[in-house]
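Below are the chains, spelled out letter by letter.
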2 protein chains.
Amino acid sequence: MARTVKGPDARRERWKGHREQRRAEFVEATIAAVAKKGPDVGMDDVAAEAGVSKPVLYRHFTDKSDLYLAVGQKATELLMDRMGPALAADGPIRDRIERIVDAYLSVIEDNPNLYRFVVKGSFVDRPVEKDVVQEDKDLIATTLARILGEYMRAYEMDSGGAEPWAHALVGMVQNAGDWWLDRQTMSRANLSSYLATIIWHAIDGLLRSAGVQADPAMPLTTPLRLVD
Amino acid sequence: MARTVKGPDARRERWKGHREQRRAEFVEATIAAVAKKGPDVGMDDVAAEAGVSKPVLYRHFTDKSDLYLAVGQKATELLMDRMGPALAADGPIRDRIERIVDAYLSVIEDNPNLYRFVVKGSFVDRPVEKDVVQEDKDLIATTLARILGEYMRAYEMDSGGAEPWAHALVGMVQNAGDWWLDRQTMSRANLSSYLATIIWHAIDGLLRSAGVQADPAMPLTTPLRLVD
DNA sequence: AAGTAACCGTTACCTCAAGTAACACTTACC
DNA sequence: GGTAAGTGTTACTTGAGGTAACGGTTACTT
């Protein structure tokens, strides 16, 4: 018997953490470069910003769209870190709505350049196969649909329309957010409250038309998680 | 006095109409090429589709983004041709809402490829200075803000929030439309009615909270035009 | 101690699509 | 007949994404 069981060469494992850290580093460099030189930076710019030459970049990212995707995932992280708790939080429905909306607005307020960069997506030339923005929206919409469905069922209504509802809500908040981000003519708190009011009224109206008298302070017992 | 007043050389005027027609022709070719080869066609493809070589294309469009813009304007035209009447139409508010929503949905239903091409905007590499989609959305939102403002004033309410409202509505309908366009799980009429119900309830709720008893059948007298 | 698998990094190149130069032909106004 | 607009072509330049080929460093393996 020649050798013991072929354990994986430790040299292969040694860098596992390092590689990830390096990728994160380049993602940060991209964000910084975008902040400096606008959204149409090139790979050379990013490499320069990271203090490195292009081929190094390509050791860590297969191509431009891979880098874009990584930036998108970073942004998703920032978003979900705040949206998650807001979506999962229990409590009176009217408060939940406002908290969710405000969580979203706070993220784009704190990272306007990153937000625009990711959403515009003009960094990648060819259409990218994995649409980060769409995925995020879908994830949030799915979660919302569950909340809405549960709420409707709590009042013994048909919850069938929860899905279009959820997508409508997502688009509504996003577009209002875009508008607000460009010309900041009102405070974030004001807009959150305003949007929450609209949303609550729409829900309330649906319930009324189903013959239910809703209570904006009614708490829902089941907390919801963001992902299955 | 050597000669009469220097009339413009007729040779310069002779082509005026022709040039426009030619541009339109290339716009159509672009749309056709996109339908055939997907959204990431090149200028060569477009030229080939038009049965012509690249430099000819560049005699009519300064660059790729100019062509994209022209396609966008064509799409705007299609959109406004249906949205305009719907926005301008007089009548009970609930019906107006549904008609506006349905007008929008009918356009994207009839031209899904064109719609996606223009909205995605991956045809242009560098970010284009004039954002057709944003302009359309702003135009519609502005018009909506006027309708809402007028409606609110009719009930003697403060019409200050009409603008965020309008942008929220635009985003709502667009995103719900996108969702519907991808997985067509319900009829257009159903979705229109559904969205209109949501919107109406939201408006109604606002009015209620202002102590007004609204009537969904109340007509507004002033018809509104799309542009100033 | 020697070998090697992973990384570090560079300069110089390839490729492909956008956009241009240069050239030749056609039409109809002057 | 001259000329200002258009018709069109092939062959080129340019710029950014992406790669080849080279050499150095670290630390695990034998």
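Everything discussed here concerns the structure shown above.
These figures come from a predicted structure and were not determined experimentally.

> Teacher, can you tell me more about the relation of the copies chain A and chain B here?
There are two copies of the chain, and a rotation about an axis plus a shift along that axis relates them. Between chain A and chain B, the superposition needs a rotation of 180° and an axial shift of 0.0 Å, giving an RMSD of 0.0 Å. Each copy turns onto its partner about a two-fold axis.

> Would you take a moment to explain the side chain of B:K137 for this structure?
Inspection of the secondary structure puts B:K137 in helix α8 (residues 132-154). For B:K137, which is buried and forms no salt bridge, the nearest opposite charge comes from A:D178, at a distance of 5.4 Å. Each residue touching B:K137, except ones within four places of it in the same chain, is listed here: A:N175, B:V170 and B:Q174.

> Honestly, the interface of chain A and chain B in this entry has me stumped. Any pointers?
One widely used convention gives an interface's size as the accessible area the parts lose upon coming together. Listed as interface residues are 37 residues of chain A and, on the opposing side, 37 residues of chain B. Ranking the residues of chain A by area buried against chain B places A:N175, A:W179 and A:Y194 at the top, with a combined share of 19%. There are 4 salt bridges connecting chain A and chain B. Residue A:D131 pairs with B:K120 through a salt bridge whose shortest N-O separation is 3.5 Å. Counting the contacts that link chain A with chain B gives 12 residue pairs in polar contact (both at pLDDT 80 or more). The set of elements that each furnish at least two residues to the side of chain A that touches chain B consists of α8 (132-154), α9 (162-182) and α10 (188-209) of chain A. Looking at the side of chain A that touches chain B element by element, the count peaks at 12 residues for α9(A). Residues of the side of chain A that touches chain B, tallied by class, amount to 18 nonpolar, 9 polar and 10 charged.

> Help me understand the side chain of A:D136, please; the structure alone is not making it clear to me.
Here A:D136 lies in helix α8. Buried charged residue A:D136 carries no salt bridge. Nearest counter-charge: A:K130, at 9.0 Å.

> Any chance you could explain helix α5 (residues 64-88) of chain A here in plain terms?
Residues spaced three or four apart along an α-helix face the same direction, because each turn holds 3.6 residues. Compared with the 36 Å implied by 1.5 Å per residue over 25 residues, the 35 Å span of α5(A) between its first and last C-alpha is a close match. Along α5(A), the helix axis deviates most sharply at A:M80, where the bend reaches about 30°.

Calculation criteria
Every chain begins its residue count from 1, and numbering advances along the sequence as written. By the order in which they are written, chains take letters starting at A while ligands take numbers starting at 1. Totals for whole chains, interfaces and linings use all residues, but because this is a predicted model, local features are given only for residues with pLDDT of at least 70 and pairs of side-chain atoms are given and counted only at 80 or more. To get the side-chain values, all heavy atoms of the structure are used, and hydrogens and water are removed first. Here the copies were fitted onto each other by least squares, based on C-alpha atoms from residues at pLDDT of at least 70 in both. Every helix listed is a DSSP run of H or I at least four residues long, and every strand listed is a run of E at least two residues long, numbered separately from the N terminus. Using a 1.4 Å probe on the protein chains alone, a residue whose accessible area is under 20% of its type maximum counts as buried, one over 50% counts as exposed, and one in between counts as partly exposed. Note that His is not counted, nor are the chain ends; the positive residues are Lys and Arg, and the negative ones are Asp and Glu. What makes a salt bridge here is a side-chain nitrogen of Lys or Arg within 4 Å of a carboxyl oxygen of Asp or Glu, nothing more. Residues count as neighbours in contact if any of their non-hydrogen atoms are within 4.5 Å of one another. For any pair of parts, buried area is found by adding up, for both, the accessible area (1.4 Å probe) each one loses once the two are put together. Any pair of nitrogen or oxygen atoms within 3.5 Å is treated as a polar contact; in protein, a donor-acceptor pairing is required on top of that, and neighbouring residues in sequence qualify only through side-chain atoms on both sides. The residue classification treats Ala, Val, Leu, Ile, Met, Phe, Trp, Tyr, Cys and Pro as nonpolar and Asp, Glu, Lys and Arg as charged. All others, Gly included, are polar. Take the residue count of a helix, subtract one, and multiply by 1.5 Å to get its expected span. At every residue, the bend is computed as the angle between two fitted axes, covering the seven residues ending there and the seven beginning there respectively.

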